[in-house]
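# Architecture at a glance
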Amino acid sequence: MFKLLWMLMLTPTLSIASLKAPLLEAQNQTSQTVVLILLGPPGAGKGTQANILSDTLQLPHISTGDLLRSNIKEGTELGKTAKGYMDQGKLVPDDLILDMLFARVANEDCQRGYILDGFPRTLPQAEAYDKRLGTSAKTIALNLSLSNEEIINRLSKRVTCKECNTPYHLIHSPPKTEGKCDECGGTLIQRSDDKEEVIQKRLNVYEKQTAPLIEYYSKENALKQVSCSQSIDDVLTEILDYLREIYRSLKEE
Ligand code: AMP
């Protein structure tokens with residue numbers, strides 16, 4: 001009986017582990033730079049999936065929200081301007097975001113590819129980014145979807161590490177020690193924009209400004225739809241399966 005329970009607990013981890021090896025093999029066989037874009041409403045799980053994918057594929061995870069929060073923490077001019085927009089649930093102006101992102105992706109660690117989380121958020125951002133990238137990289141957009149009810153439930157119970165930004169859900173994925181990050185021991189806080197009244201504003205902004213990107217990337221034939229009402233492991237399994245096929249097709253090109 002115990003053995004059976006133990007095996008059931010291990011099953012998702014084992015199946016994910018078995019997906020990683022063929023994916024890495026396919027990744028190693030192509031020299032093409034791959035940019036993964038994680039689209040989806042706030043709270044869909046972009047940060048969580050991007051962290052795991054970054055670890056699996058050994059590609060940097062670039063979150064424009066995290067870059068902005070670092071600027072706020074450091075008290076830069078960009079941080080001061082961005083905070084005003086973020087606390088109201090609004091988007092930070094495109095030109096500020098593009099300058100910040102282009103500076104980041106010019107770094108050496110982005111040569112083989114990277115994972116974008118929270119960018120692009122508007123059509124002008126997507127167009128400016130595509131123009132800069134040209135044909136130098138293969139772009140793949142993953143659209144992580146979730147109902148508004150579930151988003152509000154997730155975000156209002158979300159806490160994030162002040163130091164390394166690892167997210168936790170107080171009910172579904174709580175930290176081992178209350179208030180402390182499992183990864184780095186940092187203090188867990190609720191983001192000022194995860195308060196219920198700001199969440200609703202962020203959802204409205206998402207519908208108006210970011211959702212049109214789904215059509216933009218599906219027209220470019222570079223979009224994979226992923227439902228995030230499943231478990232984290234099931235979402236990851238679906239993504240890893242898809243990416244393996246993408247890397248294999250790149251090898252054949
Ligand atoms: P996130 O951490 O992705 O949920 O972003 C938190 C907040 O940062 C957003 O509500 C925006 O105010 C701002 N932000 C992050 N990324 C962008 C972006 N690509 N364009 C404009 N604003 C952004």
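Everything below is about the structure printed above this text.
Summarised in this report is the structure supplied together with it. Small disclaimer: the values here were computed from a predicted structure and weren't measured. (Residues numbered from 1 in each chain as written. Predicted model: local features only at pLDDT ≥ 70, side-chain atom pairs only at ≥ 80, totals over all residues. Heavy atoms only, no water.)

## Examining unusual backbone geometry
Negative phi values dominate among residues other than glycine, just as trans dominates among peptide bonds. Going by this rule: Secondary structure elements follow DSSP: runs of H or I of four or more residues count as helices, runs of E of two or more count as strands, with numbering from the N terminus. Three labels apply to residues, based on accessible area from a 1.4 Å probe with only protein chains included: buried if under 20% of the type maximum, exposed if over 50%, partly exposed otherwise in between.
Residue Pro-120 is reached from Phe-119 by a cis peptide bond, and omega for that bond is -5°. Mapped onto the elements, Pro-120 comes out in the loop between β3 (113-117) and α6 (123-133). For Gln-58, which is not a glycine, the phi torsion comes out positive at approximately 55°. Mapping Gln-58 onto the fold places it in the loop between α2 (46-57) and β2 (61-63). One non-glycine residue with positive phi stands out, namely Asn-165, at about 70°. With respect to the helices, strands and loops of the structure, Asn-165 is situated in the loop between β5 (158-161) and β6 (167-169). According to the relative accessible area criterion, Asn-165 is partly exposed, its value standing at 23%.

## Overview of the packing of aromatic side chains
This is how it is decided: Any pair of Phe, Tyr and Trp rings, taking the six-membered ring for Trp, is counted once the centres come within 6.5 Å. Such a pair is stacked with planes under 30 degrees apart, edge-to-face with planes over 60 apart, and tilted for the rest. By the criterion adopted, a ring carries a charge over it if an Arg CZ or a Lys NZ lies within 6 Å of its centre and within 35 degrees of its normal.
Scanning all chains against the criterion turns up 2 aromatic pairs. Summarising the aromatic geometry, the rings of Phe-119 and Tyr-129 are spaced 5.5 Å apart at their centres and angled 75° between planes, so their arrangement reads as edge-to-face. Residue Phe-119 is located in the loop between β3 and α6, and its partner Tyr-129 is located in helix α6; the two are separated by 10 residues in the primary sequence. Exposure class is identical for Phe-119 and Tyr-129. Each is buried. For the ring pair Tyr-216 and Tyr-217, a centre distance of 5.0 Å and an interplane angle of 90° mean the geometry is edge-to-face. When sorted by exposure, Tyr-216 lands in the same class as Tyr-217, which is buried. Residue placement shows Arg-132 over the ring face of Phe-102; its charged tip is 4.5 Å from the ring centre.

## Quick look at the pattern of salt bridges
It is possible for side chains of opposite charge to pair when their charged atoms get near one another. Rules: We define a salt bridge as a side-chain nitrogen of Lys or Arg found within 4 Å of a carboxyl oxygen belonging to Asp or Glu.
Counting across every chain of the model gives 14 salt bridges. Between Lys-83 and Asp-87 there is a salt bridge whose closest N-O contact spans 2.5 Å. Here Lys-83 pairs with Asp-87, and both are found in helix α4 (residues 77-87), just 4 residues apart, close to one helical turn. What makes Lys-83 partly exposed here is its relative accessible area of 36%. Measuring nitrogen to oxygen at the nearest pair gives 2.8 Å for the salt bridge that ties Asp-194 to Arg-202. For the residue pair Asp-194 and Arg-202, the accessibility class agrees, reading buried in each case. A single salt-bridge network, built from bridges that share partners, covers Arg-158, Arg-191, Asp-193, Asp-194 and Arg-202.

## A short note on the sheet that holds β3
What counts, and what does not: DSSP calls a pair of strands paired once it identifies at least 2 bridges connecting them. The angle between two axes is taken between their N-to-C directions and runs from 0 to 180 degrees, where each axis is a line fitted to C-alpha atoms and a helix contributes only its stretch in contact. The contact rule is simple, with two residues in contact once any of their heavy atoms fall within 4.5 Å.
With parallel pairing, 5 strands are arranged side by side in an open sheet as β2-β3-β1-β4-β8. Each having just a single partner strand, β2 and β8 (223-227) make up the two edges of the open sheet. For this sheet, the mean inter-axis angle between neighbouring strands, taken without regard to orientation, is 20°. Against the sheet, α6 touches β1 (34-39), β3 and β4 (138-145), its axis set at about 175° to β3. Each of β1, β4 and β8 is contacted by helix α9 (residues 212-219), which is oriented at about 130° to β8, the strand it contacts most.

That's the geometry; what it means functionally is another story.
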